[in-house]
Amino acid sequence: MKTRTLGPGAADVGVVGYGAWPLSDSSPRPAEAEAIRVLHAALDGGVTLIDTADAYCFHEGEVGHNERLVAKALASWVGPREHVIVATKGGFVRPDGQWVENARPEHLRRACDRSLAALGVERIDLYQLHGPDPQVPFDESVGMLADLQRAGKIHWLGLSNVSVEQIRAARAQVEVVSVQNRLNPFFPEAVRDGVVGYCDAEGLGFLAFSPLGGGRLNLKLPEVPVLAPIARRHGVSPHAVVLAWVLAQGPSVIVIPAARKLAHVADSQASAGVLLDDEELATIDQAEFSIA
Ligand SMILES: NC(=O)c1ccc[n+]([C@@H]2O[C@H](COP(=O)([O-])OP(=O)(O)OC[C@H]3O[C@@H](n4cnc5c(N)ncnc54)[C@H](OP(=O)(O)O)[C@@H]3O)[C@@H](O)[C@H]2O)c1
C-alpha cells in the first residue's frame, strides 16, 4: 500500500488506516471473534495504522473495550506487529453512554495509564487529545500530554477536533505529529478552515476521521449520481472513490475508515490505488452531498 508520513520524526504508514470505533460502539456490537477477524483482515491487507480510543465502548463501566480488542487482535496476528502503529486517545468520558469532554490533567494522567494497561504496552505509539475541553484551559491539557511524553508513556503526540489556532498553541508547548479531524465530502470543513493546508505546509499527518461520512451518511453514497461513473472507470466502489477524493485533499492526508464487514475492509483498501484526475476531483467538489 502507498504510504505517507504520520508526521515530523514519526513513522510512515499506509494511506488507508483502520478506525476501530464501531467494533465496540455500534449496535449490534460484532461478536469478539468476528471483530478480530475484521482487524486481521485490515492488517493482512496492509493497514499499518489502527485508530482507537479509551472511550470507544458503550458506557463508563467498560472503558478501554476497543483498546483491549485491538491488543487482542494484534497479539494473535501472525504478521509483522512492529510495523503497526496503534493510535489511541484520551479526553472523553462516557457516563450512561453519553459523550462528555474531560481533558483535565488529572483525568488525562489516569486515562493514559488505563490505555497503557488496556493496550498491554509500556509506551503508546500515538496518543491523541480526543478534543479540547471547554471547561479546561487548552494549555493545561496539552501540558499533561507533554508530561506523559517526558515520562516515557507516549511516543508521539496528536490532537483531534482542533482548529489551526489550537494546533499552533499546542506546538508552542510540545511537538505535535498529527491532527485528527473529520473530513468527507458531506463535511469538507477541514479543507475550508485551513487545517489540512496547515498540516500539508508543516509536514504534520492529517488523519481524516469519518472519511465516508460516518455510519449513517455513508449509506447515501451509492445515490450520489456523480460517483457511479467515476467508480466504474476505476473499477472500484463509490465508497472507494470517496476515500480517494479525501486522500487527494492534500499530501498530509491519511484516511481511517471503519468497517465491520470483511468486504468493506477490502473495498476501502482499494482506494489506496485510485488516482482521481483533476476533472474527477472537480466533479466531486461540485456535487451535492446532502446530509438531510
Ligand atoms: N476523533 C474523533 O472525534 C472521531 C470521531 C469519529 C470517528 N473517529 C474515527 O474515525 C473512524 C471512522 O469514522 P466513522 O466510524 O465515523 O465512519 P466512516 O469510516 O466514515 O464510515 C464507516 C461506515 O462505512 C461503512 N463502510 C466502510 N467501508 C465501506 C465500503 N467500502 N462500502 C460500503 N460501506 C462501507 C461501514 O459499514 P460496516 O460497518 O457495515 O462495514 C461503516 O458503517 C472511527 O472508527 C474512529 O476511529 C474519530
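The text that follows walks through the structure, step by step, so that each part is easy to find. Since the structure is predicted, the reported quantities are computational estimates derived from the model, not experimental observations.

This part covers helix α1 (residues 32-44). For α1, which comprises 13 residues, the first-to-last C-alpha distance of 18 Å matches the rise-based estimate of 18 Å (1.5 Å per residue) to within 8%. Listed as buried for α1 are Ala-35, Ile-36, Val-38, Leu-39, His-40, Ala-42 and Leu-43. Along its buried surface, α1 packs onto β3 (18-19), β4 (49-51), α2 (65-75) and α11 (262-269). Remark: Gly-46 follows α1 within two positions and exhibits a positive phi of approximately 110 degrees.

Asp-51, Ser-210, Arg-260, His-264 and Asp-267 are the nearest of the 29 residues found near the ligand. Pro-211 places a main-chain nitrogen or oxygen 3.4 Å from an oxygen atom of the ligand. Within the complex, the protein chains bury 92% of what would otherwise be the 900 Å² of accessible surface of the ligand. Sorting the residues of the shell around the ligand by element identifies α8 (214-217) and α11 as the ones contributing at least two each. Element by element, the count of residues in the shell around the ligand is highest for α11, at three residues. Looking at side-chain class alone, the shell around the ligand contains 11 nonpolar, 13 polar and five charged residues.

Here the focus is the sheet that holds strand β11 (residues 205-209). Paired through backbone hydrogen bonds, the strands of a sheet run either parallel or antiparallel to each other. Across the sheet, which stays open at both edges, the eight strands sit in the order β3-β4-β5-β8-β9-β10-β11-β12 with parallel pairing between neighbours. What marks the edges here is a single partner per strand, and that holds for β3 and β12 (253-255). With five bridges connecting them, strand β8 (residues 124-129) and strand β9 (residues 154-160) associate as parallel partners. Pairing of Gln-128 across the sheet is with Gly-158, part of β9.

It is worth spelling out the packing of aromatic side chains at this point. Under the defined criterion, the tally for this structure stands at five aromatic pairs. Ring centres of Phe-92 and Trp-99 lie 5.7 Å apart, and the angle between their planes is 75 degrees; on these two criteria the pair is classed as edge-to-face. Residue classification places Phe-92 among the buried positions, given a relative accessible area of 15%. Judged by relative accessible area, Trp-99 falls into the partly exposed class, the value being 33%. Geometrically, the ring pair formed by Phe-186 and Phe-289 is edge-to-face, given 5.5 Å between the ring centres and 85 degrees between the ring planes. In this pair, Phe-186 sits in the loop between β10 (178-182) and α6 (189-192) while Phe-289 sits in the segment after α12 (278-286), placing the two residues 103 residues apart along the sequence.

What follows is about the packing of α2 against helix α3 (residues 105-119). Between α2 and α3, whose axes approach to 8 Å, the crossing angle comes to 35 degrees. From α2, Glu-67, Arg-68 and Ala-71 reach across to α3, where they touch Ser-115, Ala-118 and Leu-119.

Once that is clear, we can look at the nonpolar core. By size, the foremost hydrophobic cluster in this structure holds 83 residues, and its most contacted members are Tyr-18, Phe-206 and Leu-276. Residue contributions to this core peak at eight residues, all from helix α10 (residues 238-247). Apart from residues lying up to four places away in sequence, Leu-276 is in contact with Ile-230, His-234, Val-241, Ala-244, Trp-245, Leu-281 and Ile-284. Counting 13 residues, the second largest nonpolar core, distinct from the first, contains Leu-6, Val-13, Ile-254 and Ile-256.

Turning our attention to the side chain of Asn-181. Considering the arrangement of structural elements, one finds Asn-181 in strand β10. Asn-181 sits in the buried class, given a relative accessible area of 7%. Within the structure, Asn-181 has its side chain in polar contact with the backbone oxygen of Val-162 (distance 2.8 Å). Apart from residues lying up to four places away in sequence, Asn-181 is in contact with Ser-160, Asn-161, Val-162, Val-195, Phe-206, Leu-207, Ala-208 and Phe-209.

For β8, the tally of buried residues reaches five of six residues, placing the bulk of the element in the interior. Pairing of strand β5 (residues 85-90) with β8 involves four bridges; the strand directions are parallel. Its bridge partner lying in β8, Gly-90 is registered against Leu-129. One crossover worth recording links β8 to the parallel β9 by way of helix α4 (residues 138-150), and it is right-handed.

Looking now at unusual backbone geometry. With an omega dihedral of -5 degrees, the bond running from Ser-27 to Pro-28 counts as a cis peptide bond. Of note, Asp-96 is a non-glycine position whose phi angle comes to about 50 degrees, a positive value. By secondary structure assignment, the location of Asp-96 is in the loop between β6 (92-93) and β7 (100-101). On the accessibility criterion, Asp-96 (75% relative accessible area) is exposed. Its identity is not glycine, yet Ser-210 carries a phi of approximately 45 degrees, on the positive side. Its location among the elements puts Ser-210 in the loop between β11 and α8. Residue Ser-210 is classed as partly exposed on the basis of its relative accessible area of 23%.

So, how was this worked out
Residues numbered from 1 in each chain as written. Predicted model: local features only at pLDDT ≥ 70, side-chain atom pairs only at ≥ 80, totals over all residues. Heavy atoms only, no water. Helix = DSSP H or I, 4+ residues; strand = E, 2+ residues; numbered from the N terminus. Expected span 1.5 Å × (residues − 1). Buried < 20%, exposed > 50% of the residue type's maximum accessible area, 1.4 Å probe, protein only. Contact = heavy atoms within 4.5 Å. Near = heavy atom within 4 Å. Polar contact = N/O pair within 3.5 Å; in protein donor to acceptor, adjacent residues only side chain to side chain. Areas by Shrake-Rupley, 256 points an atom, 1.4 Å probe, with all protein chains shown as cover. Nonpolar A, V, L, I, M, F, W, Y, C, P; charged D, E, K, R; others polar. Pairing = 2+ DSSP bridges. Phe/Tyr/Trp six-rings, centres within 6.5 Å; stacked < 30°, edge-to-face > 60°. Axes fitted to C-alpha atoms, helices over the stretch in contact; angles between N-to-C directions. Core = buried A, V, L, I, M, F, W, Y, C linked by side-chain atoms within 4.5 Å. Right-handed = clockwise from strand over helix to strand, strands pointing away.

Everything listed here is a matter of coordinates, which is why it stays silent on function.
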